[in-house]
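Each chain, written out:
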Amino acid sequence: RNLEREHNLRQIYLKFEGSNPSGTQKDRIAFNQCHDALRRGYETITLASCGNYGAAMALASRLAGIRCVIYIPETYHTKRTTEMEEHGAVVLRYQGSYEESVKFSMQEAINNEWYDANPGGSNTPLQLMSYSEIANEIYDVLRDAPRIVAVTVSNGTLLAGIYRGFVSLHKRGKTSRIPMMMAASSIHKNPIIYSFQKALENCTDLVPEKIRETKINEPLINWHSFDGDEALYAIRQSGGLAFNISDDKMSKLTRQLKEKEGLHVLPAATAGLAALLEFNGKRALDPDRYVVILTGKK
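Here the residue numbers are simple positions, counted from 1 along each chain's written sequence. Restriction of local features to residues with pLDDT of at least 70 applies here, the model being predicted, together with a cutoff of 80 or more for giving and counting side-chain atom pairs; totals for whole chains, interfaces and linings are based on all residues. Hydrogens are left out, water is left out, and the side-chain values use all remaining heavy atoms of the structure.

A look at the packing of helix 2 (residues 26-39) against helix 3 (residues 52-64)
Helix-helix packing is described using two parameters, namely the angle between the two axes and the distance between the axes. The test is simple: To obtain an axis, a line is fitted to C-alpha atoms, over the contacting stretch when the element is a helix, and the angle between two such axes runs from 0 to 180 degrees between their N-to-C directions. Going along the chain from the N terminus, every DSSP run of H or I of four or more residues is numbered as a helix, and every run of E of two or more is numbered as a strand. For classification purposes, an angle smaller than 35 degrees is called roughly parallel, one larger than 145 roughly antiparallel, one from 65 to 115 roughly perpendicular, and anything else oblique. Helix crossings get a hand from a simple test, with the near helix turned counterclockwise from the far one by less than a right angle marking a left-handed crossing and a clockwise turn marking a right-handed one. We call two residues in contact whenever any of their non-hydrogen atoms come within 4.5 Å of each other. Three classes are used, and their members are as follows: Ala, Val, Leu, Ile, Met, Phe, Trp, Tyr, Cys and Pro are nonpolar, Asp, Glu, Lys and Arg are charged, and the others, Gly among them, are polar.
Where helix 2 meets helix 3, the closest approach of the two axes is 8 Å, and the angle between their N-to-C directions is 40 degrees. Between helix 2 and helix 3, the crossing angle belongs to the class labelled oblique. Between helix 2 and helix 3 lies a crossing of right-handed hand. Facing helix 2, whose interface residues are Lys26, Asp27, Ile29, Ala30, Phe31, Gln33, Cys34 and Leu38, helix 3 presents Asn52, Tyr53, Ala56, Met57, Leu59, Ala60, Ser61, Leu63 and Ala64. Among the residues forming the contact of helix 2 with helix 3, the class breakdown is 12 nonpolar, 3 polar and 2 charged.

Observations concerning the sheet that holds strand 5 (residues 115-116)
Note the following rule: When DSSP locates at least two bridges between a pair of strands, those strands are taken to pair.
Across the sheet, 4 strands lie side by side as 4-3-2-5; this open sheet has parallel pairing. Strands with a single pairing partner mark the edges of an open sheet, and in this sheet they are strand 4 (90-94) and strand 5.

Notes on the side chain of Asp144
Heads up, the condition is: We call two N or O atoms a polar contact when they sit within 3.5 Å, provided that within protein one can donate a hydrogen and the other can accept it, with sequence-adjacent residues counted only if both atoms are side-chain atoms.
With respect to the helices and strands, the residue Asp144 is situated in the loop between helix 6 (124-142) and strand 6 (148-152). Of the polar contacts made by the side chain of Asp144, one reaches the side chain of Ser176; its length is 2.7 Å. Once you skip the residues sitting within four places of it in the chain, Asp144 turns out to touch Tyr139, Thr175, Ser176, Arg177 and Arg289.

What to know about helix 9 (residues 228-237)
Applied cut-off: Each residue's exposure class comes from its accessible area (1.4 Å probe, protein chains only) as a fraction of the maximum for that residue type: buried when under 20%, exposed when over 50%, partly exposed otherwise. The directions from the helix axis to the C-beta atoms are what the arc is built from.
Within helix 9 the residues assigned to the buried category are Gly228, Ala231, Leu232, Ala234 and Ile235. Seen from one end, helix 9 has its buried residues packed into an arc of 160 degrees, which puts them on one side. Looking at the residues trailing helix 9, positive phi occurs at Gly239, about 70 degrees.

Section: the nonpolar core
Put simply, the rule reads: Nine residue types can take part in a nonpolar core, namely buried Ala, Val, Leu, Ile, Met, Phe, Trp, Tyr and Cys, and a core is a set of them joined through side-chain atoms within 4.5 Å.
Ranked by internal contacts, the top residues of the largest apolar core, which has 64 residues, are Ile45, Met57, Leu159, Ile162 and Ile293. Among the elements that make up this core, the one with the highest residue count is helix 7 (residues 157-171) (7 residues). Each residue touching Ile293, except ones within four places of it in the same chain, is listed here: Lys15, Glu17, Ile134, Ile138, Val149, Ala150, Val151, Leu158, Ile162 and Ala269. One finds Leu3, Ala150, Met182 and Phe279 within the second-largest nonpolar core, a separate group that totals 29 residues.

What about the pattern of salt bridges?
Counted only if it meets this: Any carboxyl oxygen of Asp or Glu within 4 Å of a side-chain nitrogen of Lys or Arg constitutes a salt bridge here.
Using the criterion set out here, one finds 15 salt bridges in the structure. For Glu230, the salt bridge goes to Arg164, with nearest N and O atoms at 3.2 Å. Highlighted residues: Glu230 in helix 9 and Arg164 in helix 7, separated in sequence by 66 residues. In this structure Glu230 comes out as partly exposed when scored by relative accessible area, which is 26%. Connected through shared salt-bridge partners, Lys15, Glu17, Arg28 and Glu137 make up one network.

Observations regarding helix 5 (residues 98-112)
Put simply, the test is: To estimate how far a helix should extend, the number of its residues minus one is multiplied by 1.5 Å.
Compared with the 21 Å implied by 1.5 Å per residue over 15 residues, the 21 Å span of helix 5 between its first and last C-alpha is a close match. Those residues of helix 5 lying buried are Tyr98, Glu99, Ser101, Val102, Ser105, Glu108 and Ala109. Two residues or fewer past helix 5, Glu113 is found with a positive phi of approximately 60 degrees.

With respect to the layout of surface pockets
The cut-off we apply is this: Cavities and pockets are found on a 1 Å grid laid over the protein atoms alone: a cavity is a set of points where a 1.4 Å probe fits but cannot escape, a pocket is an open set with protein on both sides within 12 Å along at least five of seven lines, and a lining residue has an atom within 4 Å of such a point. Grid points are joined across faces, edges and corners, and a volume is the space filled by probe spheres set on the points.
Estimated volume of the largest pocket: approximately 1,000 Å³. As for the largest pocket, its lining consists of 43 residues, and the residues nearest its centre are Asn52, Glu218, Pro219, Leu266 and Ala268. Here the residues of the lining of the largest pocket are counted per class, giving 17 nonpolar, 18 polar and 8 charged. Taken together, His188, Lys189, Asn190, Ile193, Tyr194, Gln197, Lys198, Leu206, Val207, Lys210, Ile211 and Asn244 make up the full set of residues lining the second largest pocket. A total of 3 residues in the lining of the second largest pocket trace back to one element, the largest contributor, which is helix 8 (residues 191-197). Partitioned by chemical class, the residues of the lining of the second largest pocket number 5 nonpolar, 4 polar and 3 charged.

Here it is as structure tokens:
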């Protein structure tokens, strides 16, 4: 309510993923990937991570009794490596970008016959299904689809999964509409946002040398989005929009959510909210219901 009064926009619903076991939406895919690894008889699971997915997988692997090997780009500032190690994961620094770390982890999975839990490829259907549950949970509260769902994007899997969930609900006659999917990420550092704004047919990679991470935007930035085409399709099919959000805006919203709503939210998790408020500032939104996905706790 305080956020609504502050920005003169009624019926903002905050879907806070920080209450998941490790504090972000990544638990949804981590637990399902571990279940799949167990079902298929694997003893070791591997992935590359900027921090949150690694923490989620370390926890899920410990509970599943599976060895976990996590590759973290050497230049990244994440503080969650200690948490991963406390859960028994093997954490290795890799001299390269996040995308290069993913490729190395994938190759190690092939070389050592480990379960590959990295984004994209054969894991996409499972991860999209995992995130589609968020649409079901929103429906359980609202009993229909909201006008807009605003989502922070990196690889694009979360947004694409939520969209698929609402498409399924609509096809089954549960909702009267499919929401507009609104994507947001760190300014000029995400291929999905860039490709949408340039009206490109497919999600196009950015130039790696032009990408600079900070402590705030690390969970968001990449030069290649592994499920970018899926996300791009979801934005377009839903009549959605895409926004670049600065570190400063994300930091301010983090403070505002703490002061106004008592939520301790990761700055990168506020990009979707920043996009919705920016859009409302340009053209006042009609009275309706709007959902923002806050992807993790601070």
